[in-house]
Amino acid sequence: MRRAVVGVAAAVALTGAAGCTVQPAGSGTGQGPGSGPSSGSGAAGRHRSPVHIEVPTARPSDGGGKGHGDSSNGKGRGTARDEPRASQGPGGSGGSARTAPAAPPAAAPVLWSRGAGGLAVRELQARLRQIGWLSEGPTGTYGPATERAVRGFQGKRGLPATGRTDTVTWQRLRGMTHEPGQWELYLMGGQPAGAPDARCLTGRVVCIDKTTRTLRWMVDGRTVSTMAVRFGTEATPTRDGVFQVYWKSRHHVSTIYHSAMPYAMFFSGGQAVHYSSDFAARGYAGGSHGCVNVRDEAAIAQLFAQVKVGDKVVVYW
């Protein structure tokens, strides 16, 4: 730019000294102010300026005038520089936008899995029994059978078949079942014993609670042992009341039903407390003919050794 200004100043000085015309570059073939066409020989009677100077309108580039120059150092460039373009978002002109892959859904929190136990697991097992996914009675322990049942339930309903009960599985199961009752929760026993009846708090007492289906062996108000028991059916109910053990028979066989009644302790007619292999095998799916069945053979063997004829028996709800 500075060279152009100097050139213009020189031209002005020459104009004043020699009367030359100053024209922009590229106008040599055109018509100057007050002159005719500028041909090679000129026209008669028309005066031509002795000096003609072309003044560039733009600064030429050193690279031959091609393309755009670099204004900082005056060096020309043959072509315009390609500047990197920032990627534009959806709808922009910077190319197609890339959509990030969706993150996988978070796994549902696990409530219970193998090794868990307690009342909540009993309820899970009871609900699985209601819809046929579990055949054994609730045990309160999350074992292999419960894991298989949960896995089958999940796979049937398009849920991740992990065998672990998560919140989604639990809500689906709850929606298909009803809240299990006390008998359903303790179909195979294991129900905690309730508070003993007041009649059981003195002396030596076989204290039998029909509500919790438990038998306590108590001495002077202290519980010595507790075990699950089963009672008679509706057709042959176990009698309630206060009785005494009047006979003990280690290897007894029923004379009416011809079934084994080992460790029998009779307290009311033909009704006795005794071990039942049927109770051990089927749980509460069956019932007795009025006797109080015990399925834990080791427990009743110990009880049989401790109870004496004349000890009190209390059966109550």
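Residues numbered from 1 in each chain as written. Predicted model: local features only at pLDDT ≥ 70, side-chain atom pairs only at ≥ 80, totals over all residues. Heavy atoms only, no water.

Description of helix H7 (residues 297-306)
By the burial criterion, the buried members of H7 are Ala-299, Ile-300, Leu-303 and Phe-304. For H7, the angular spread of buried residues about the axis comes to 135°, placing them on one side. Counted as exposed and oriented over 90 degrees from the buried face of H7: Ala-298 and Ala-305. Where the residues of H7 are buried, they touch strand E6 (214-219), strand E7 (222-230), strand E9 (247-253), strand E10 (260-268), strand E11 (271-275) and strand E12 (292-294). Two or three places before Ala-298, at the opening of H7, Asp-296 has a side-chain oxygen 3.2 Å from that residue's backbone nitrogen. (Buried < 20%, exposed > 50% of the residue type's maximum accessible area, 1.4 Å probe, protein only. Helix = DSSP H or I, 4+ residues; strand = E, 2+ residues; numbered from the N terminus. Arc of directions from axis to C-beta. Contact = heavy atoms within 4.5 Å. Polar contact = N/O pair within 3.5 Å; in protein donor to acceptor, adjacent residues only side chain to side chain.)

Concerning the state of the cysteines
Enumeration according to the criterion identifies one disulfide in this entry. A sulfur-sulfur separation of 2.1 Å characterises the disulfide bridge that pairs Cys-200 with Cys-207. Sign of the S-S torsion, about 80° for the bond between Cys-200 and Cys-207, identifies this disulfide as right-handed. (Disulfide = S-S within 2.5 Å.)

As for the sheet that holds E9
An order of E8-E13-E5-E6-E7-E12-E11-E10-E9 is seen for the nine strands of this open sheet, with the pairing classed as mixed. Here the strands that pair on one side only, and so sit at the sheet edges, are strand E8 (241-244) and E9. Between one strand axis and the next, the sheet turns by 30° as a mean value, whatever way the strands run. Looking at chain direction, E9 and E10 are connected through six bridges and run antiparallel. Bridge pairing links His-252 to Met-261 in E10. This element, H7, spans strand E5 (204-209), E6, E7, E9, E10, E11 and E12 of the sheet and lies at about 45° to E10. (Pairing = 2+ DSSP bridges. Axes fitted to C-alpha atoms, helices over the stretch in contact; angles between N-to-C directions.)

Brief notes about the nonpolar core
Ile-208, Leu-215, Met-265, Val-273 and Val-313 are the most contacted members of the largest nonpolar core, which totals 24 residues. Among the secondary structure elements, those contributing two or more residues to this core are E5, E6, E7, E10, E11, E12, H7 and strand E13 (312-316). When residues of this core are assigned to their parent elements, the largest contribution, four residues, is made by H7. Leaving out residues up to four positions away in the same chain, Leu-215 has contacts with Val-206, Cys-207, Ile-208, Ser-225, Thr-226, Met-227, Val-229, Val-273 and Leu-303. (Core = buried A, V, L, I, M, F, W, Y, C linked by side-chain atoms within 4.5 Å.)

A few points about unusual backbone geometry
Of note, Arg-213 is a non-glycine position whose phi angle comes to about 55°, a positive value. Note on placement: Arg-213 falls in the loop between E5 and E6. Assessed through its relative accessible area of 5%, Arg-213 is described here as buried. One non-glycine residue, His-258, adopts positive backbone phi at about 55°. Topologically, His-258 is positioned in the loop between E9 and E10. On the basis of relative accessibility, which here comes to 65%, the residue His-258 falls in the exposed class.

These figures capture arrangement, not role.
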